[in-house]
Amino acid sequence: MSQDFARIRAASKDLVHTIAIDRSNAQTTGHRHMLDRYFEQPFDQSASLQHQIQERLIQAILDGAVSPVDPLPSSRAFATALNVSRNTISIVYERLHQDGFITAKPRRGYFIDENFVREKLNVAPPRRKIGTGTVPDLDRFLPHRFTALPNIDKRSDWRRFPYPFIYGQVGRDETSVARWRDCLRRAGTSRHVGTWADDLVDSDDPLLLEQISRRVLPQRGFRADADELLITVGAQNAIWMIANLFLSPEREIHIEDPGYVDARNIFAAQGARIVPVPVDRKGMKPDQNLAHADMVYLTPGHQSPTNITMPMERRLAMLQAASDYDFLILEDDYEHELNFVGAQHPTLKALDGTGRVIHVGSLTKPLFPGIRLGFVAADRAVIHELRHLRRLMYRHPSALAQRAMALFLSEGHYDAHIRRHRRSMADKWREMLREIDRNLPDCEATMTTGGSGVWVSLPEGVEAAAVKAEAETRGVLVEDGTPHYLRADAPRNRLRLGFGAIDLAKIAPGIAELKAAIASVRGL
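Here the structure is a predicted model, which means the values were calculated and not measured.

(A) A look at the overall build of the protein chain. Helix and strand counts for the protein chain stand at 18 helices and 16 strands. The C-alpha atoms of the protein chain give a radius of gyration of 31 Å, which is well past the 24 Å a tight globule of 524 residues would have. Oriented by its inertia axes, the alpha-carbon framework of the protein chain measures out at about 115 × 60 × 60 Å. A total of 524 residues make up the protein chain; the buried ones form 47% of that total. Once local pairs closer than 6 in sequence are excluded, the contacts in the protein chain between residues at least 24 apart make up 73%. A total of about 27,000 Å² of accessible surface is found on the protein chain, and carbon and sulfur atoms cover 51% of it. Within the protein chain, one finds 69 positive and 66 negative side-chain charges whose respective centroids are separated by 6 Å.

Structure, rendered in structure tokens:
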């Protein structure tokens with residue numbers, strides 16, 4: 001009798017289990033149909049599978065595509081449907097549970113959290129919008145049209161071109177990528193979280209200020225205290241703030257011609273009177289024409305765009321002129337490390353004994369340009385004003401990025417990267433000059449002691465814009481130099497060839513294709 005009862009009880013359990021499985025499968029099938037459209041696109045093999053599944057599930061939940069009264073698919077069924085491991089789905093569900101999107105109910109599975117449903121902040125679009133008549137006339141409301149300023153045309157899809165002689169980009173150093181990733185990870189640990197989780201208001205990471213003073217500035221010939229330094233979102237942001245602080249329609253700034261286009265447009269945005277000064281083989285020449293200047297903008301390390309380096313005697317003469325004529329110098333030393341011939345020159349800031357030089361540098365241009373970290377070194381009174389101005393703009397750059405950069409510097413990764421970068425760029429620089437000399441005898445390359453670009457004069461009558469367009473059809477990206485000039489009689493036959501992003505092996509065939517493009521434009 002007891003044996004019969006045991007068999008009946010076992011059969012009953014099997015039936016209940018079968019019914020539960022059928023019900024679960026039915027619910028899973030229904031959910032899978034609702035979720036199908038969120039998983040139609042294949043997964044990106046270069047990204048984390050867990051994160052991609054989590055992102056798509058969250059989107060489905062936010063869109064209301066998942067019923068709050070039915071359980072989500074079981075981890076086993078969902079894993080089978082997506083052809084992934086069950087552990088992957090389990091981890092995703094656990095993360096969603098921790099973040100309050102879903103809740104676990106014993107023996108029933110995961111459901112959309114009722115609290116989440118109640119707290120959704122989506123607002124239904126209004127049925128009727130207020131306002132009639134014509135759209136507003138932007139010309140009436142906009143005091144400035146920044147889109148009207150002449151600028152450099154840079155392609156965002158440059159990586160798909162086989163010969164990208166573009167300026168301002170660098171090849172990826174996988175060693176530095178790994179080191180930076182490690183510094184970011186460690187910056188996010190509990191040991192460092194107190195340095196970046198709070199709003200710094202108008203302050204900077206003290207460790208980064210210390211590392212700049214100890215490791216970056218001595219290579220430029222000077223040191224600075226913490227109250228003489230300010231961290232910025234790249235060097236260009238520093239130039240904008242300095243222009244905002246010092247320039248106005250009543251002020252006159254003298255700039256190099258040809259020169260850095262973005263800086264020129266920044267000065268124009270402040271309404272300042274801009275005076276272009278021609279550069280020769282030594283850079284801008286200090287003379288009595290600077291007597292009316294309130295500020296002079298210089299790129300003495302590698303003049304933008306010609307890449308020539310200002311020699312010592314002219315640096316000293318420029319500082320004397322600043323003292324004689326009572327003007328400030330804005331020194332943009334954006335790639336100080338890239339001199340390949342002779343000794344490094346001290347910066348104007350290192351030679352300045354009166355506090356007239358405001359020095360701007362980039363921490364990330366030779367490393368990863370997209371990180372956007374720079375600095376200003378100046379008299380503490382100037383930094384004090386800039387710090388208050390920055391607070392009104394964005395308070396401070398990412399404190400997490402600052403701490404990661406501080407670690408990158410302190411552990412010697414930055415110095416190691418610069419050494420590798422210098423060797424690589426020196427090889428490319430020599431190859432560029434050699435191939436231009438061999439393939440483009442009718443063109444003249446401006447001789448430099450380094451940098452990351454070559455300024456080339458095409459034969460007279462050959463338009464740089466036409467060569468740029470023709471070269472692009474051959475997979476070669478070059479830069480038309482015309483926008484760099486401000487004066488009306490500017491030459492139209494200048495090209496800038498950047499070599500930071502192109503592989504060394506691609507330089508020779510790339511210059512050969514450029515030669516063919518020039519010949520085509522000339523009708524040869």
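(B) Just the sheet that holds strand β10 (residues 357–362), in detail. Taken together, the eight strands give an open sheet; going across it, the order is β4-β11-β10-β9-β8-β5-β6-β7, and neighbouring strands pair in mixed fashion. Edge positions in the open sheet fall to β4 (229–232) and β7 (283–284), since each of these has one partner strand only. For strand β6 (residues 273–280) and β7, the ladder comprises two bridges, and the chain directions are antiparallel. Residue Val279 lies in a different strand from β7, and its bridge partner there is Met284.

(C) Spatial organisation of the nonpolar core. Counting 31 residues, the largest nonpolar core has Phe165, Ile436, Leu495, Leu497 and Leu514 as its most contacted members. For this core, the elements supplying multiple residues, two or more each, are α16 (413–439), β13 (453–457), α17 (464–473), β16 (494–498) and α18 (504–522). A total of six residues in this core trace back to one element, the largest contributor, which is α16. Non-local contacts of Leu514, meaning those with residues more than four positions away in its chain, are made with Leu440, Val467, Ala471, Val476, Val478, Leu495 and Leu497.

(D) Molecular detail of the environment of His292. Among the structural elements, His292 can be located in the loop between β7 and β8 (295–298). His292 sits 132 residues away from Ser424 along the chain, and the two C-alpha atoms are 43 Å apart. Those residues in contact with His292 that lie beyond four places of it in its chain are Glu252 and His254.

(E) Local environment of the packing of aromatic side chains. Considering all chains together, one arrives at nine aromatic pairs under this definition. Judged by centre distance (5.6 Å) and plane angle (55 degrees), the rings of Phe340 and Trp429 are tilted. Separated by 89 residues along the polypeptide, Phe340 in the loop between β9 (328–333) and α13 (348–351) and Trp429 in helix α16 bring together distant segments of the chain. With respect to burial, Phe340 and Trp429 carry one shared label: buried. Put simply, the rings of Phe39, Phe43, Phe78, Tyr93 and Tyr110 touch in pairs and so form one group of aromatic residues. If you follow Lys105 out to its NZ or CZ, it ends over the ring of Phe111, 4.6 Å from the centre. Sitting over the face of the ring of Tyr167, Arg496 holds its NZ or CZ atom 3.7 Å from the ring centroid.

(F) Highlighting helix α15 (residues 399–410). Here α15 contains 12 residues, and its C-alpha end-to-end distance of 16 Å stays within 8% of the 16 Å for a straight helix at 1.5 Å per residue. Burial of α15 is extensive: 10 of the 12 residues sit out of reach of the surface. Looking only at α15, the buried set comprises Ala399, Ala401, Gln402, Arg403, Ala404, Met405, Ala406, Leu407, Phe408 and Leu409. Among the structural elements, α7 (174–187), α8 (193–196), α9 (206–216), β4 and α16 are those in contact with the buried residues of α15.

(G) Region of the structure containing the side chain of Asp173. Checked against the element boundaries, Asp173 lands in the loop between β3 (163–164) and α7. By relative accessible area, Asp173 is classed as buried at 16%. Here Thr175 takes part through its backbone nitrogen, which lies 3.0 Å from a polar atom of the side chain of Asp173. Those residues in contact with Asp173 that lie beyond four places of it in its chain are His417 and Arg420.

(H) Quick look at the pattern of salt bridges. Taken as a whole and judged by the stated rule, the model has 35 salt bridges. Among the salt bridges present, the one from Asp139 reaches Arg145, with a minimum N-O distance of 2.9 Å. Under the relative-accessibility criterion, Asp139 is labelled exposed at 53%. A salt bridge links Asp415 to Arg215; its shortest N-O distance comes to 3.7 Å. A residue pair is termed long-range when its members are at least 10 positions apart, and Asp415 in helix α16 and Arg215 in helix α9 qualify at 200 residues. One network of salt bridges, with partners in common, ties together Arg155, Asp157, Arg160 and Glu472.

(I) Region of the structure containing unusual backbone geometry. Look at the link from Asp257 to Pro258: it is a cis peptide, with omega at 5 degrees. On the secondary structure map, Pro258 appears in the loop between β5 (252–257) and α11 (261–269). Looking along the chain, the bond that leaves Ser304 and enters Pro305 is cis, with omega of 15 degrees. The residue Arg107 is not glycine, and still its phi comes out positive at about 65 degrees. Within the secondary structure, Arg107 sits in the loop between β1 (102–105) and β2 (109–112).

What counts and how
Residues numbered from 1 in each chain as written. Predicted model: local features only at pLDDT ≥ 70, side-chain atom pairs only at ≥ 80, totals over all residues. Heavy atoms only, no water. Helix = DSSP H or I, 4+ residues; strand = E, 2+ residues; numbered from the N terminus. Rg over C-alpha atoms; globule rule 2.2 N^0.38 Å. Buried < 20%, exposed > 50% of the residue type's maximum accessible area, 1.4 Å probe, protein only. Contact = heavy atoms within 4.5 Å. Areas by Shrake-Rupley, 256 points an atom, 1.4 Å probe, with all protein chains shown as cover. Lys, Arg positive; Asp, Glu negative; His and termini not counted. Charge placed at Lys NZ, Arg CZ, Asp CG, Glu CD. Pairing = 2+ DSSP bridges. Core = buried A, V, L, I, M, F, W, Y, C linked by side-chain atoms within 4.5 Å. Phe/Tyr/Trp six-rings, centres within 6.5 Å; stacked < 30°, edge-to-face > 60°. Lys NZ or Arg CZ within 6 Å of the ring centre and 35° of its normal. Expected span 1.5 Å × (residues − 1). Polar contact = N/O pair within 3.5 Å; in protein donor to acceptor, adjacent residues only side chain to side chain. Salt bridge = Lys/Arg side-chain N within 4 Å of Asp/Glu carboxyl O.

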